[in-house]
2 protein chains.
Amino acid sequence: MKIQSVTPELSLKRSVDSGTDEQRAAVQKIIQAVRSDGDAALFTYTKLFDQAELDSMRVTQAEIEEAYSEFPEHITQVIKEAAENIFTFHQKQLRETWTYTDQNGTMLGQKMTPLDSAGVYVPGGTAAYPSSVLMNVLPAKVAGVKRIVMVSPPGPDGRLPAGVLVAADIAGVEEIYKVGGAQAIAALAYGTETIRPVDKITGPGNIYVALAKREVFGDVDIDMIAGPSEIAVLADESARPVEIAADLLSQAEHDTRASSVLVTPSQRLAEETAAEVERQLAGLPREAIARKAIEHYGAIYVTRDIQEAIDVVNQLAPEHLEVMTENAMNVVERIRHAGAIFIGRFSSEPIGDYFAGPNHVLPTNGTARFSSPLNVDDFMKKSSLIMYSEQAFNENVDKIAAFARLEGLEAHARAVEARKIK
Amino acid sequence: MKIQSVTPELSLKRSVDSGTDEQRAAVQKIIQAVRSDGDAALFTYTKLFDQAELDSMRVTQAEIEEAYSEFPEHITQVIKEAAENIFTFHQKQLRETWTYTDQNGTMLGQKMTPLDSAGVYVPGGTAAYPSSVLMNVLPAKVAGVKRIVMVSPPGPDGRLPAGVLVAADIAGVEEIYKVGGAQAIAALAYGTETIRPVDKITGPGNIYVALAKREVFGDVDIDMIAGPSEIAVLADESARPVEIAADLLSQAEHDTRASSVLVTPSQRLAEETAAEVERQLAGLPREAIARKAIEHYGAIYVTRDIQEAIDVVNQLAPEHLEVMTENAMNVVERIRHAGAIFIGRFSSEPIGDYFAGPNHVLPTNGTARFSSPLNVDDFMKKSSLIMYSEQAFNENVDKIAAFARLEGLEAHARAVEARKIK
């Protein structure tokens, strides 16, 4: 792992795959076919892309029960406990409607309403993570979304992975369809005979899913398009290289484009961590992936002091940040940009991926400068409330009409003034 | 104004102008030119599109003072009072960082941080509204954004409208540049010698501005692209047709594609309001615009009862909703989808445009189903906090490692387990 110098151009940004013209055209064609042919198009594409011939897309109660019986019981228990932790954390994010009445009797406020419905996309194959099901579904549940729909591509045997079904059932999803790709996104956005449309679509997917989400955005809401995973570790002499190296590799194994960075004022820690990374890489089942990620997007920055290390982290705005220093909370206070901050020796990043409670859907590619973890607000919307009193009206009608006329909007002025006439 | 029947396909959706291929190509070319040539490109485009030859783009203190001296003093006072109301309302939206510690000593939380910087676009010409300056800038101020930048195209005399400068100064903007169009958006996103880049861009603009915002999205955050204005009035026999008609026309005068809708169980109210609209249209300065909007996008729906009227409104998800009925709060509780809700006779919609305090940047085109008024959250982001205790670690390490291995992520399991080894 390279020990590098701090430069003004530090960035975790990697180019975003925005698809080829052919891919975009293919996605548009699929969306169009689903809009005009509905279910028939879904069955056709599922046969074409997933090699699965289905009679019906909706997952049955019998399939859920079968999934439980196939799935390791001790992991089912872990998923239940994780779901409880995630639910508890997200409940703290829930905000109520509020109003206040000022002295002249005018009531103002903000009404909070859950979305009517949400759709969660779950990728197929090795990326079918039960933990992602929990992280996408539970914030919507906490928000109070009544209808939560899950879609996921079936295997050639026409089935979904047991872990995905178990997690969905634990999270309380009652509508699951065996359909994936751009066709599933189109169905969620526009509806078919079987699948009623939803208001918002979240969840990761391949380039076709990402392009389809971009395409339907505006007609429905979508979450952000996630980039490759990132971790930055901010550590001083009090931290242990063996633990830092293990955490850096836990991100690196995700993706050859994942980024793992250590920022430290300690030359000794830098060198020992570099050696540990090399040592631990050997023998990882996903060694080839992790090694490529470390070589291309891994870095160790040695800084003058802790303050410069904090500056580097704020510049990177990493998805995950671990702070392993003396007086860690004092450091955390000076962090402005990071998706999730893991503090102290026992907060290894995977604890957040699976179990602690905060969401693992986090802003990547430097967008932690302006974006947030997936949260309950993402599944609610606000409506402003204005109940003007007669007294407030009489005090302000002339001012408001004058302001409207200044902007050249006479009908605005007259609308307010219409109340002056009995 | 047509009295129509309620059908299952009711919608306020109008096609969104997504630009021509030529417009998109022009915008891409402008952005590229600003990225490579910086200020020089801005001066060139300002000369080309705004016929203004500038030596310097930044508005000086002398120009601000001149604006105050030119601008009607009584409107300056109204703007100050409106700014105070808007500031006060948005302060109620401000959320603090929170943490909690559970019984095994684990601390979890959510850190709230304002964006470092925000850019506000203000259109030129007749659409240069001082009220929009307040509504875009003040939520960012309340959030605690340190650097707020305003851009707006100058007139051929090289100046910005006095009202825009006065409103910007009252709102506390300290960095204003005379540059508009796609070139201004490019400068805000990528920076030039004079204009440092920002993290988020908000504010309305023409099709070139909208396309440029779409283009830079991802590198910076943007607000939603607003569609034409909408109002729905939900009224019963207790409401006055003369006031309803005036409010419907206040939206219709904005734009030939604005939508004004009355929903009422009262046939009498429907007929009298239709007649009033006709009467009040005559003699409006913007009569031609308002008449076109009413003809194409205006409608009166007579419903069986109040509940059906509520259902219609929820289906429309209007930007603005007025509720003028008996027991109005009871009706408001059943509204799920609306950007801003104006309750009672004295809450004429323009009061919210200018003065009451809630934001006038609202979701249009049915997006109130999932979107919110511009608010303080739009200028802050969340970071999750996780400080796991040794006790919690020991209790859960094996479960977390098992979950990770189930997902095929061995390095995740090893990262957690690394803490078990001394």
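Just so we're clear, the structure is a prediction, and the values are computed from it rather than from any experiment.

### What to know about the sheet that holds strand β1 (residues 3–4) of chain B
Working step 1: If you walk across this open sheet you meet the 9 strands as β2(A)-β3(A)-β14(A)-β13(B)-β12(B)-β9(B)-β10(B)-β11(B)-β1(B), and the pairing is mixed. The open sheet has two free edges, formed respectively by β2 (98–101) of chain A together with β1 of chain B, since each of these has just one partner strand.
Working step 2: Direction of pairing for strand β3 (residues 107–114) of chain A relative to strand β14 (residues 380–387) of chain A: antiparallel, over a ladder of 8 bridges. When the sheet's bridge partners are listed, Pro114(A) is paired in β14(A) with Met380(A).
Working step 3: Across the face of the sheet, helix α9 (residues 241–252) of chain B comes into contact with β9 (230–235), β10 (259–264) and β12 (320–324) of chain B while running at roughly 165° to β9(B).
Working step 4: Against the sheet, helix α11 (residues 287–297) of chain B contacts β10 and β11 (298–302) of chain B, and its axis sits at roughly 45° relative to β11(B).

### So, the nonpolar core
Working step 1: Ranked by size, the top nonpolar core spans 69 residues in total, and within it Val133(A), Leu134(A), Val145(A), Met150(A), Ile176(A) and Tyr388(B) carry the most contacts.
Working step 2: Once residues within four sequence positions are removed from consideration, Val145(A) is found in contact with Pro114(A), Leu115(A), Asp116(A), Ser117(A), Ala118(A), Ala140(A) and Phe379(A).

### As for the sheet that holds strand β6 (residues 175–178) of chain A
All names here are of chain A.
Working step 1: Judged by pairing direction, the sheet is parallel, and its 5 strands sit side by side in the order β6-β5-β4-β7-β8 without closing on themselves. Two strands bound the open sheet, and with one partner strand each, they are β6 and β8 (221–222).
Working step 2: Together, β4 (117–121), β5 (147–152) and β7 (200–202) form the strand contacts of helix α5 (residues 130–143), whose direction differs from that of β5 by roughly 165°.

### Digging into the environment of Arg214(B)
Residue and element names in this part refer to chain B.
Working step 1: Mapped onto the secondary structure, Arg214 falls in helix α8 (residues 207–216).
Working step 2: Sequence separation of Arg214 and Ser18 is 196 residues, and the distance between their C-alpha atoms is 10.0 Å.
Working step 3: Residues within four places of Arg214 in sequence aside, it is in contact with Val16, Ile222 and Ile225.

### As for helix α4 (residues 73–91) of chain B
Residues and elements named next belong to chain B.
Working step 1: Compared with an ideal rise of 1.5 Å per residue, which puts 19 residues at 27 Å, α4 spans 27 Å between its outermost C-alpha atoms and is within 8% of the ideal.
Working step 2: Looking only at α4, the buried set comprises Ile75, Thr76, Val78, Ile79, Ala82, Ala83, Ile86, Phe89 and His90. Seen along its axis, α4 keeps its buried residues to an arc of 155°; they face one direction. The exposed residues of α4 that point more than 90 degrees off its buried face are Glu73, His74 and Glu84.

### Here we look at the domain arrangement of chain A
Working step 1: Examined at the domain level, chain A breaks down into domain 1 (3–15 + 227–346), domain 2 (21–222) and domain 3 (388–417).
Working step 2: Its C-alpha centre places domain 1 of chain A at a distance of 57 Å from the equivalent point of domain 3 of chain A.

### Observations regarding the UniProt feature "active site" (unreviewed entry) in chain A
Residue and element names in this part refer to chain A.
Working step 1: As recorded in UniProt, the feature "active site" (unreviewed entry) lies at Glu319 and His320.
Working step 2: Within the secondary structure, Glu319 is located in the loop between α12 (306–316) and β12 (320–324).
Working step 3: Relative to the helices and strands, His320 is located in strand β12.
Working step 4: Not counting residues up to four positions away in its chain, the partners in contact with His320 are Ser229, Glu230, Ile231, Ala232, Gln251, Ala340, Phe342, Glu349, Asp353 and Leu362.

### Focus: the interface of chain B and chain A
Working step 1: In this assembly, 109 residues from chain B lie in contact with 109 residues from chain A.
Working step 2: The tally of links between chain B and chain A comes to 18 salt bridges.
Working step 3: With its nearest N and O atoms 2.8 Å apart, the salt bridge here joins Lys399(B) to Glu81(A).
Working step 4: Here chain B is connected to chain A by 71 residue pairs in polar contact (both at pLDDT 80 or more).
Working step 5: When residues of the side of chain B that touches chain A are assigned to their parent elements, the largest contribution, 9 residues, is made by helix α15 (residues 390–406) of chain B.
Working step 6: Across the side of chain B that touches chain A, the residue classes break down as 54 nonpolar, 27 polar and 28 charged.
Working step 7: For strand β13 (residues 340–343) of chain A and strand β14 (residues 380–387) of chain B, the ladder comprises 3 bridges, and the chain directions are parallel. Note on β14(B): the bridge partner recorded for Ala340(A) is Ser384(B).

### Focus on the packing of helix α1 (residues 21–37) of chain A against helix α7 (residues 181–190) of chain A
All names here are of chain A.
Working step 1: Following both chains from N to C, one finds α1 and α7 inclined at 45°, their axes separated by 9 Å at the closest point. Judged by the inter-axis angle, α1 sits oblique to α7. Note that α1 runs across α7; the crossing there is right-handed. On α7, the residues that touch Val27, Ile30, Ile31, Val34 and Arg35 of α1 are Ala182, Gln183, Ala186, Ala187 and Tyr190.
Working step 2: Taken together, the residues that form the contact of α1 with α7 break down as 8 nonpolar, 1 polar and 1 charged.

### Focus: the UniProt feature "binding site: substrate" (unreviewed entry) in chain A
Working step 1: Here, the residues flagged by UniProt with the feature "binding site: substrate" (unreviewed entry) are Ser229(A), Gln251(A), His254(A), His320(A), Asp353(A), Glu407(A) and His412(A). A stretch of 184 residues holds the annotated residues, and the largest C-alpha distance among them is 56.4 Å, long enough that they do not meet in one place.
Working step 2: A distance of 2.8 Å separates a polar atom in the side chain of His320(A) from the backbone oxygen of Glu230(A).
Working step 3: By relative accessible area, Asp353(A) is classed as buried at 9%.
Working step 4: Those residues in contact with Asp353(A) that sit more than four places away from it in its chain are Ser131(A), Met135(A), Gln251(A), His320(A), His360(A) and His412(B).

### A short note on the side chain of Gln23(B)
Working step 1: Positionally, Gln23(B) belongs in helix α1 (residues 21–37).
Working step 2: Overall, Gln23(B) belongs to the buried group, its relative accessible area being 17%.

Rules used in this analysis
Residues numbered from 1 in each chain as written. Chains lettered and ligands numbered in written order. Predicted model: local features only at pLDDT ≥ 70, side-chain atom pairs only at ≥ 80, totals over all residues. Heavy atoms only, no water. Pairing = 2+ DSSP bridges. Helix = DSSP H or I, 4+ residues; strand = E, 2+ residues; numbered from the N terminus. Contact = heavy atoms within 4.5 Å. Axes fitted to C-alpha atoms, helices over the stretch in contact; angles between N-to-C directions. Core = buried A, V, L, I, M, F, W, Y, C linked by side-chain atoms within 4.5 Å. Buried < 20%, exposed > 50% of the residue type's maximum accessible area, 1.4 Å probe, protein only. Expected span 1.5 Å × (residues − 1). Arc of directions from axis to C-beta. Domains from an automatic or database assignment. UniProt positions renumbered as here; feature names shortened; annotations may be inferred. Salt bridge = Lys/Arg side-chain N within 4 Å of Asp/Glu carboxyl O. Polar contact = N/O pair within 3.5 Å; in protein donor to acceptor, adjacent residues only side chain to side chain. Nonpolar A, V, L, I, M, F, W, Y, C, P; charged D, E, K, R; others polar. Parallel < 35°, antiparallel > 145°, perpendicular 65-115°, else oblique. Left-handed = near helix turned anticlockwise from the far one by under 90°.

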